[in-house]
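Tertiary structure, described
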2 protein chains.
Amino acid sequence: MNQAPTDRTRIRRVASNAHYDAATLHAIIDDAYLCHVAFSDGKGAHCIPTACWRDGAHLYIHGSNGSRMVKTLLETASCVTITHLDGLVLARAAFNHSMNYRSAMIYGRFDAVEGAAARQAMERFMEKLAPGRQGEIRPGSDKEYAATTVLRIDLAEAACKVRAGGPKDDEEDLDWRVWTGVLPLARSALAPQRDPACTVAAPAYVREWASALALPE
Amino acid sequence: MNQAPTDRTRIRRVASNAHYDAATLHAIIDDAYLCHVAFSDGKGAHCIPTACWRDGAHLYIHGSNGSRMVKTLLETASCVTITHLDGLVLARAAFNHSMNYRSAMIYGRFDAVEGAAARQAMERFMEKLAPGRQGEIRPGSDKEYAATTVLRIDLAEAACKVRAGGPKDDEEDLDWRVWTGVLPLARSALAPQRDPACTVAAPAYVREWASALALPE
């Protein structure tokens, strides 16, 4: 499926980089720890970064019940965007310079996830951050869950845009004597920093951290 | 100065992590290649990722004259957000898990930058991407500049939020036998990928790429 689900998700600029399939969307979300959520209220437009994860065909976030973001998101439409920057593309012509990236935009309205579903969602979030850790930590109390809202947004109205590869210059510029190519960027994991008060041996998800997350292309 | 410039920039949640000084704001912008811009139009709220750079007390972006984003940004208020994710914070209690990050939010309205100022801004952008490259490439033509809008937003109404350091658990949870600490993340540069058609030796900004951008904490 490479057709936009709605008019506002149809990508006009460099439409050949558009993707509307679930596999591309899920991969971009699953590779992200955070998203940016846009919404408007009486004070204008806001763009708030927050942790995110996916379960099936929904993207999840959470926040304190009292937060401005949580209150407003339950009452209004929003747009959630995730962007991974993969490199700088150096072309011969100034205006053909570009960036390689993978981005996803999701339109819709968040719903609150309640009760057992909220607990399950938060445990899934922990599983994404540190697989197996949920069984090791002091779990959330009823009071903590009661003070927190878990929200989810349906992934039905979404669009992805992906640019990869080298520069694309026009025929007439190909003789310019300048270095061309890609300066790649990636998110990478650095060595874990143990809390000074911690005397427990590192579990697998900590031992494997610095190797698991390096993302060479 | 650690006082919010306006009511909508005053950070309520974990206010001790708030920063309103120019040095913090400038450092967060200067370390970013892209931002997310939120605005609203008749189709709802939008959150669009785009390249950004700074000159003095303004953040700059650019886009095609015909793009939805450019047209709308010149007519309406927006919110620009930059977020750097620095690590996952693993605590003893589920609800004390956190992330280390540096984020900046800027509120205001974009203005178009015209004529010589637009050229100067775009050259400054190139200088950020690849210092010294502007003199090597085929510069933008009058036609290319005419098809592009350079926009800037004043940094006067902005707020930053920064979390760093290890987990903070409550006294009653300190005896939990679980690994605690930080799993750090950083943006890193990978080896440059030369365009197959390129026969020019790598300049300094390419040779130094993979070492210059590694950001260990």
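Residues numbered from 1 in each chain as written. Chains lettered and ligands numbered in written order. Predicted model: local features only at pLDDT ≥ 70, side-chain atom pairs only at ≥ 80, totals over all residues. Heavy atoms only, no water.

Rotating chain B by 180 degrees and translating it 0.0 Å along the rotation axis places it on chain A, where the RMSD comes to 0.0 Å. The transformation relating the two chain copies, once decomposed into turn and shift, fits a two-fold axis. Looking at the rotation axis and the C-alpha trace of chain B, the residue lying nearest is R187(B), at 2.3 Å. Same-surface contact between copies: 100% of interface residues of chain B are shared with the interface of chain A. (Least-squares fit on C-alpha atoms with pLDDT ≥ 70 in both. Contact = heavy atoms within 4.5 Å.)

Phi is positive for V14(A), which is not a glycine, with a value near 50 degrees. Within the element layout of this structure, V14(A) appears in the segment before β1 (18-19). (Helix = DSSP H or I, 4+ residues; strand = E, 2+ residues; numbered from the N terminus.)

Moving on to the state of the cysteines. By the definition in use, this model includes zero disulfides over all chains. Cysteine C79(A) is unpaired, with the sulfur of C47(B) as its nearest cysteine sulfur at 5.5 Å. In this structure C47(B) is not part of a disulfide, and its nearest cysteine sulfur, from C47(A), lies 3.8 Å away. (Disulfide = S-S within 2.5 Å.)

Residues and elements named next belong to chain A. By the assigned domains, chain A splits into domain 1 (7-169 + 176-184) and domain 2 (186-217). For domain 1 versus domain 2, the separation of C-alpha centres amounts to 23 Å. Contact residues are listed per partner, giving ten residues for domain 1 and eight residues for domain 2. Both faces considered, domain 1 and domain 2 share a buried interface measuring about 670 Å² in area, 47% of it formed by carbon and sulfur atoms. Linking domain 1 with domain 2 are one salt bridge. Note that D31 is salt-bridged to R187, the shortest N-O span being 3.1 Å. Connecting domain 1 to domain 2 are three residue pairs in polar contact (both at pLDDT 80 or more). (Domains from an automatic or database assignment. Buried area = accessible area lost by both parts, 1.4 Å probe. Salt bridge = Lys/Arg side-chain N within 4 Å of Asp/Glu carboxyl O. Polar contact = N/O pair within 3.5 Å; in protein donor to acceptor, adjacent residues only side chain to side chain.)

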